[in-house]
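If you want the building blocks of each chain, they are given just below.
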Amino acid sequence: MRTGRDEPAEGGSRGGIAAIGVVGGVVGGLIGGGGGVLFVAGLDRFTAMSRARVHGTSTIANIGICVAGSAAYALGGGAVDLRVGTGMLVGGTLGGLIGPRLLARASDRLLRVLLIVILVLTAAKFSVDALGLPLLTHALVPSGLLADLWFVVPATLVVGIVIGAWSGAMGLGGGLLAVPAMVLLFGVELHVAAGTSLLMFIPNSIVGSWVHIRQGTASARWGWLLGLTSAPGVVAGALLGLALDTVVLGLVFATFALLMAVRETLALLRRPATARAR
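What this report covers is the structure whose coordinates are included nearby. Predicted model, so just to flag it, every value in this text is computed and none were measured.

Section: the overall build of the protein chain
Now for step 1: Helix and strand content of the protein chain: 11 helices and 0 strands.
Now for step 2: When its helices and strands are written in sequence order, the protein chain yields α-α-α-α-α-α-α-α-α-α-α.
Now for step 3: Intrachain contacts of the protein chain at a sequence separation of at least 6 include 84% that bridge at least 24 residues.
Now for step 4: Carbon and sulfur atoms make up 72% of the accessible area of the protein chain, which totals about 11900 Å².

Here's the deal with the layout of surface pockets
Now for step 1: Each pocket or cavity is described by its volume, and for the second largest pocket that value is around 160 Å³.
Now for step 2: Taken together, Ile118, Leu121, Thr122, Lys125, Leu176, Leu177, Pro180, Ala181, Leu184 and Leu185 form the lining of the second largest pocket.
Now for step 3: Of all the secondary-structure elements, those providing two or more residues to the lining of the second largest pocket are α5 (108–131) and α8 (175–186).
Now for step 4: At 6 residues, α8 tops the list of elements feeding residues into the lining of the second largest pocket.

A few points about the packing of aromatic side chains
Now for step 1: Counted according to the given criterion, the structure contains 0 aromatic pairs.
Now for step 2: Lying over the aromatic face of Trp222, Arg221 brings its terminal NZ or CZ to 4.5 Å of the ring centre.

Side note on helix α7 (residues 149–170)
Given 3.6 residues per turn, any residue in an α-helix points the same way as the ones three and four places further on.
Now for step 1: Along its 22 residues, α7 runs 31 Å from first to last C-alpha, staying within 8% of the 32 Å computed at 1.5 Å per residue.
Now for step 2: The opening residue of α7, the one whose side-chain oxygen lies 3.0 Å from the backbone nitrogen of Trp150, is Asp148.

Cut-off values and rules
- Residues numbered from 1 in each chain as written.
- Predicted model: local features only at pLDDT ≥ 70, side-chain atom pairs only at ≥ 80, totals over all residues.
- Heavy atoms only, no water.
- Helix = DSSP H or I, 4+ residues; strand = E, 2+ residues; numbered from the N terminus.
- Contact = heavy atoms within 4.5 Å.
- Areas by Shrake-Rupley, 256 points an atom, 1.4 Å probe, with all protein chains shown as cover.
- 1 Å grid on protein atoms, 1.4 Å probe; cavity = no way out; pocket = protein on both sides within 12 Å on 5 of 7 lines; lining within 4 Å.
- Points joined across faces, edges and corners; volume = space filled by probe spheres on them.
- Phe/Tyr/Trp six-rings, centres within 6.5 Å; stacked < 30°, edge-to-face > 60°.
- Lys NZ or Arg CZ within 6 Å of the ring centre and 35° of its normal.
- Expected span 1.5 Å × (residues − 1).
- Polar contact = N/O pair within 3.5 Å; in protein donor to acceptor, adjacent residues only side chain to side chain.

The following block contains the structure:
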């Protein structure tokens, strides 16, 4: 039986959500995930679902981005870093079980604030890199430790759990955290990090979707619509990302993150005024 929360807030919302799916797919393929930010914005605009349910529905849609994006990167000659990615994949899957349960206890305001913080930090990191400033030009983890599997495996597992829990809760695909983490902590090249991120979040998005649906914090109806319509866009985005220079791709990543941070900040500031008006 359909509930009122699943129904569109206004006519024509199916077309609007489908359009968001295509655009979100392009973004997700281009930056290795992160199209969920647009999915969340679209669902917030075109449906009457709660914020928690919006994030859960976006998690379902991310399955399409991760599967189609991984295939596109493979066909386009992209590479993945299994040395770093394997531990993050396993950790991300475990985190996908934890995240949705944490989301069920979080407030809408807290979810927006966490998202804004992540977006601003991400924009700052890639802007600094693109401008060539002498800050954080090398991996934070020393090369000697990166050569030691006894360090790399548990370290990437822990990082994967944290990012996987955040992704499973927020439904943002994880690329906004996973890509900067791989570049900043482990020195992975940006294009390789994007492809690795897409592969890493296939099991995370599947597990997270299953938990969200079971606990009622997702709409399978809207999630699958977004996921299916994102597939063509994510292929185009992945191939475009592989063709772009690393500096240009970094600027694209930073600009997108900053624009989304501004949008979420404005939405957060408008919310008290809207509540008072009501």
